[in-house]
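Take a look at the letters that make up each chain.
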Amino acid sequence: MKSTRYSEQDEVMQLGVIPVYIGTLNWIVLGSAYWSDWRVFLLATAITAVLAYLTWLVNNAAGLYLDRRFPAMSQTPVRLLWLFGWCCLGGFLVCSILFSAYTIAGAYLPMQPIRFGWLLLFEVIVVTIVIAMYEGIRTFERWERTLRETEQLKKANLQSQFESLKSQINPHFLFNSLNTLSSLIEEDPEQAEQFVEEMASVYRYLLRSNETQMATLAAELDFAQSYFHLLSTRYGAHIHLEQLVDSRYHDHLLPPLTLQLLLENAVKHNVILPEQPLHISIETGVNNQLVVRNNLQRKNTRVLSNQVGLANIATQYQLLGGGEMRVDESDQFFTVSLPLIGHH
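The structure reproduced in this document is the subject of the present report. (Residues numbered from 1 in each chain as written. Predicted model: local features only at pLDDT ≥ 70, side-chain atom pairs only at ≥ 80, totals over all residues. Heavy atoms only, no water.)

A tally of regular secondary structure across the protein gives 10 helices and seven strands. Classification of the 344 residues of the protein by burial places 43% in the buried group. Long-range pairs, those at least 24 residues apart, make up 73% of the contacts in the protein between residues at least 6 apart in sequence. (Helix = DSSP H or I, 4+ residues; strand = E, 2+ residues; numbered from the N terminus. Buried < 20%, exposed > 50% of the residue type's maximum accessible area, 1.4 Å probe, protein only. Contact = heavy atoms within 4.5 Å.)

Quick look at the structure:
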């Protein structure tokens, strides 16, 4: 449920500002009589408190609406201008209503109409101070939230890199890679050389991936191709990768190591046999979507998985504000749809 407050410190602000506002406003209008006669004090305070509370509710709603309407930092001047204008208009109405109410209760409230101009000036000063205070608190909260999200993103990136690197350097992977390389050296030295080059390319990209929070789709596709070369050398013709990516999306961005994690996920959870080949496709779809799909042929044995890979991808997209990852599973296919972030 969304908060209806403009700020987390809203109640504290109101407790501090409204009493001062009520006292000063009545002192301007009523003079020393406001403090010297308890009946004048109680009646004037009651009337002003009702008006002040209603004004706060209306201005609070206006502030929330403008905050949603102009949320970006670059829109701050426009948002503040609208809010200032609205609050000044509201202040003028409050002053007019207050004078009308005090005129009706003139027998009990020694109002000084000549001070209406000073009252309007006081309203403008109060509006300016309160908006500045709220905006200062809002700016601090935004900075605090950004700092927190940056730390979460760094943590997600490090976790993603750790999981990817761990999957590459674990003894099982190294054993398979070195065993494949050993066979190739005797059977096909030229292919062995290419295998070493692709393996070096994989590790080079892994080591560089911690330098940035985003990678171009072109770089990710090149890396995915190198990683797939290692897989295809091991599994032969039993695994297939098809890339149907429109070149105009090559400069679009996504979190680094995303494609490697999805390829690894497909290999990890599916049977790969001559009679059951694994087909993986990477293609661009509508609305700047990158779709990674594989035919579903789950392994009979339970595969240990903590879903860290997919969770990390989703977390990075969320923190980067790049949209949401969608996962769809049917009887035949496992599909992951990723939003591509426009190149800036």
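Still more ground to cover, so stick around.
If you look at soluble globular proteins, the nonpolar side chains tend to sit buried side by side. Membership of the largest hydrophobic core comes to 49 residues, with the highest contact counts inside it found for Leu 217, Ile 239, Ile 280, Ile 282, Leu 290 and Leu 338. Those residues in contact with Ile 282, other than ones at most four positions away along the chain, are Leu 221, Leu 241, Glu 242, Gln 243, Leu 244, Val 245, Leu 259, Leu 290, Val 291 and Val 292. (Core = buried A, V, L, I, M, F, W, Y, C linked by side-chain atoms within 4.5 Å.)

Under the counting rule described, the total for this entry stands at zero disulfides. Cys 88 supplies the cysteine sulfur nearest to Cys 87, a cysteine that is in no disulfide, at a spacing of 7.2 Å. You can call Cys 87 buried: its relative accessible area is 8%. (Disulfide = S-S within 2.5 Å.)

All right, on to the packing of aromatic side chains then. The full count for this structure, using the stated rule, is five aromatic pairs. Relative to Trp 35, the ring of Tyr 34 lies with its centre 4.7 Å away and its plane at 70°, an arrangement referred to as edge-to-face. Relative to Phe 41, the ring of Trp 35 has its centre 6.1 Å away and its plane inclined at 40°; by these criteria the two rings are tilted. Residue Trp 35 is classed as exposed on the basis of its relative accessible area of 53%. Here Phe 41 falls in the partly exposed class, since its relative accessible area comes to 31%. In this structure an aromatic cluster arises from ring pairing among Tyr 34, Trp 35 and Phe 41. (Phe/Tyr/Trp six-rings, centres within 6.5 Å; stacked < 30°, edge-to-face > 60°.)

This paragraph deals with unusual backbone geometry. What is expected of a backbone is that most residues other than glycine have negative phi and most peptide bonds are trans. In this structure, Asn 287 takes a positive phi of about 55° despite not being glycine. One can find Asn 287 in the loop between β4 (278-284) and β5 (289-295).

A separate point is the packing of helix α8 (residues 217-235) against helix α9 (residues 258-269). Relative orientation of the contacting elements α8 and α9 amounts to 25°, with a least axis distance of 8 Å. Looking at the two axes, α8 sits roughly parallel to α9. Handedness of the α8/α9 crossing: right-handed. When α8 is examined against α9, the residues Glu 220, Leu 221, Phe 223, Ala 224, Tyr 227, Leu 231 and Tyr 235 are found in contact with a partner set consisting of Thr 258, Leu 259, Gln 260, Leu 263, Glu 264 and Val 267. Residues of the contact of α8 with α9, tallied by class, amount to nine nonpolar, two polar and two charged. (Axes fitted to C-alpha atoms, helices over the stretch in contact; angles between N-to-C directions. Parallel < 35°, antiparallel > 145°, perpendicular 65-115°, else oblique. Left-handed = near helix turned anticlockwise from the far one by under 90°. Nonpolar A, V, L, I, M, F, W, Y, C, P; charged D, E, K, R; others polar.)

All quantities given are derived from atomic positions and should not be read as evidence of function.
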